[in-house]
Amino acid sequence: MVTVVTRAELLDCVDVNTEALSVVEDGFARLGRGEVTIPPILGLEIPEKNGAADVKAAYVSGWDSFAVKLSTRFFDNPARGLSSGSGLMAVLDSDTGRPRALLLDEGYLTTVRTALAGALAAKHLARESLTTVGVIGTGSQARWQLIALALVRDFERVLVHGRNPEAAAEYGERMSTELEVPVEVATDARSLVRASDLVVTTTPATEPVIDAEWLHPGLHITAMGSDAAHKNELAPAVLGAADVLACDLKSQCELRGELRHAIAAGVIPASEPVTELGSLVNGRASGRRGDDDITVCDLTGVGVQDTAIARYAMARVETAGLGIELG
């Protein structure tokens, strides 16, 4: 029997909250202990359609199921009234390889697990006391990263900058209502970075949106938009200026993340150790050493997040009696 679950059902039972955060955190901890098998990402670029598709997967030793995820991003979709991101997850039995469930989430679970990874980066790298948070980008992750951040840090105000001033203004109105904190639109990325204690970049940029000259003591940056070789949100010198440089998976970021560009520019030697988020989570590596440290985390999205959130979703679905069984 295979359980088929719709996006609407998943929206009913899975949310960005502390329980889901602990699930993703546990996945990263296991990754840091060497208990996870992750294959290279299968990526398909479709430039003539301004789209792309990726397949990610992970098996965690001792878990009775694992997930394989297909995610798509077609950036002309908003003009059609559709979300740019979509996809689905298959949950398979670890002993037999037989499918257990098909989660037709249309990218929702990826949205959740991506936001939670950003929260974990802030939890282990950002200063305990924050006043201003800056968000570059106005799309779905710009919203969810802020919601997830609120699980691990308090902050007093938010600055947002995006290419479309109207979208930035709409974002500000929505988030100020949702989080009950003032949200202001910054006219440029430079002023946003210089005024912020923590910055999250959430764009599909192919040219840097943050320069090293804008950095200041105590700043933390989480860059989560670069998940393909051609994407780039941070100038290579930003990574070189970090007192603590972290990433979700070094081997993957060397191919698809900000780290790729820093290595290509000769700013970061390929042989230089980079702290992985899993090692921070399980205490095998230390993060911020003082309030004046500049910290940077490069997130490309790792398969263990997908397996962790898919298994969590299935547990919630079963408890709620949702889904349709076929077979």
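Residues numbered from 1 in each chain as written. Predicted model: local features only at pLDDT ≥ 70, side-chain atom pairs only at ≥ 80, totals over all residues. Heavy atoms only, no water.

A. Quick peek at the sheet that holds strand β12 (residues 220–223). Sheet architecture is open: eight strands sit in the order β10-β9-β8-β11-β12-β15-β13-β14, paired in parallel fashion. Each edge of the open sheet is held by one strand with a lone partner, namely β10 (183–185) and β14 (275–276). Alignment of strand β13 (residues 244–247) against strand β15 (residues 295–298), held across four bridges, turns out to be parallel. Each bridged residue has a counterpart across the sheet, and for Val-244 the counterpart in β15 is Thr-295. The strands touched by helix α4 (residues 140–149) within the sheet are β8 (132–136), β9 (157–161) and β11 (198–201), with β8 carrying the most contacts at an inclination of about 155 degrees. Here helix α5 (residues 165–179) sits on the sheet and contacts β8, β9 and β10; the angle it forms with β10, its principal contact strand, is near 175 degrees. (Pairing = 2+ DSSP bridges. Helix = DSSP H or I, 4+ residues; strand = E, 2+ residues; numbered from the N terminus. Contact = heavy atoms within 4.5 Å. Axes fitted to C-alpha atoms, helices over the stretch in contact; angles between N-to-C directions.)

B. Region of interest: the nonpolar core. One finds Leu-103, Leu-109 and Leu-146 to be the most contacted residues of the largest nonpolar core, which totals 70 residues. Sorting elements by how many residues they give to this core places helix α3 (residues 108–125) first, with eleven residues. For Leu-146, the residues in contact, after removing those within four places along its chain, are Val-133, Val-135, Phe-155, Val-158, Tyr-171, Met-175 and Leu-179. Listed in part, the 27 residues of the second largest apolar core include Leu-219, Val-238, Ala-262 and Ile-294. (Core = buried A, V, L, I, M, F, W, Y, C linked by side-chain atoms within 4.5 Å. Buried < 20%, exposed > 50% of the residue type's maximum accessible area, 1.4 Å probe, protein only.)

C. Representation of the side chain of Thr-307 in the model. As for its placement among the helices and strands, Thr-307 is situated in helix α11 (residues 303–320). Contacts of Thr-307, omitting those with residues within four sequence positions, involve Ala-58, Val-60, Trp-63, Ser-65, Phe-66 and Ala-67.

D. Structural context of the pattern of salt bridges. Scanning all chains against the criterion turns up 20 salt bridges. The shortest N-O distance in the salt bridge between Arg-311 and Asp-64 comes to 2.8 Å. Here Asp-64 lies in the loop between β4 (51–60) and β5 (65–74) and Arg-311 lies in helix α11, a separation of 247 residues in the sequence. For Asp-93, the salt bridge is made with Arg-100, and the minimal N-O distance between the two is 2.8 Å. (Salt bridge = Lys/Arg side-chain N within 4 Å of Asp/Glu carboxyl O.)

E. Just the side chain of Gln-305, in detail. Among the structural elements, Gln-305 can be located in helix α11. What makes Gln-305 buried here is its relative accessible area of 2%. In terms of polar contacts, Gln-305 uses its side chain to reach the backbone amide nitrogen of Val-302, at 2.7 Å. Aside from chain neighbours lying at most four places away, what touches Gln-305 is Val-24, Phe-28, Arg-113, Thr-114, Ala-117 and Asp-248. (Polar contact = N/O pair within 3.5 Å; in protein donor to acceptor, adjacent residues only side chain to side chain.)

F. Region of the structure containing the environment of Arg-73. Looking at the element boundaries, Arg-73 is found in strand β5. Arg-73 sits ten residues away from Ser-83 along the chain, and the two C-alpha atoms are 8.6 Å apart. Those residues in contact with Arg-73 that lie beyond four places of it in its chain are Asn-50, Gly-51, Ala-52, Asp-54, Ser-84, Gly-85, Asp-227 and Lys-231. Engagement of the side chain of Arg-73 in a polar contact is seen with the side chain of Asp-54, the distance being 3.3 Å.

G. Geometry of the state of the cysteines. Per the counting criterion, the structure on display carries zero disulfides. The thiol of Cys-253 is unpaired, and the distance to the nearest cysteine sulfur, on Cys-247, comes to 4.2 Å. A disulfide-free cysteine, Cys-297 has its sulfur positioned 7.0 Å from the sulfur of Cys-247, the nearest such atom. (Disulfide = S-S within 2.5 Å.)

H. The arrangement of the packing of aromatic side chains in detail. Under the definition given, this model contains two aromatic pairs. Geometrically, the ring pair formed by Tyr-59 and Phe-66 is edge-to-face, given 6.4 Å between the ring centres and 85 degrees between the ring planes. Overall, Tyr-59 belongs to the partly exposed group, its relative accessible area being 32%. On the basis of an interplanar angle of 75 degrees and a centroid distance of 6.4 Å, the ring pair of Tyr-108 and Trp-144 is categorised as edge-to-face. (Phe/Tyr/Trp six-rings, centres within 6.5 Å; stacked < 30°, edge-to-face > 60°.)

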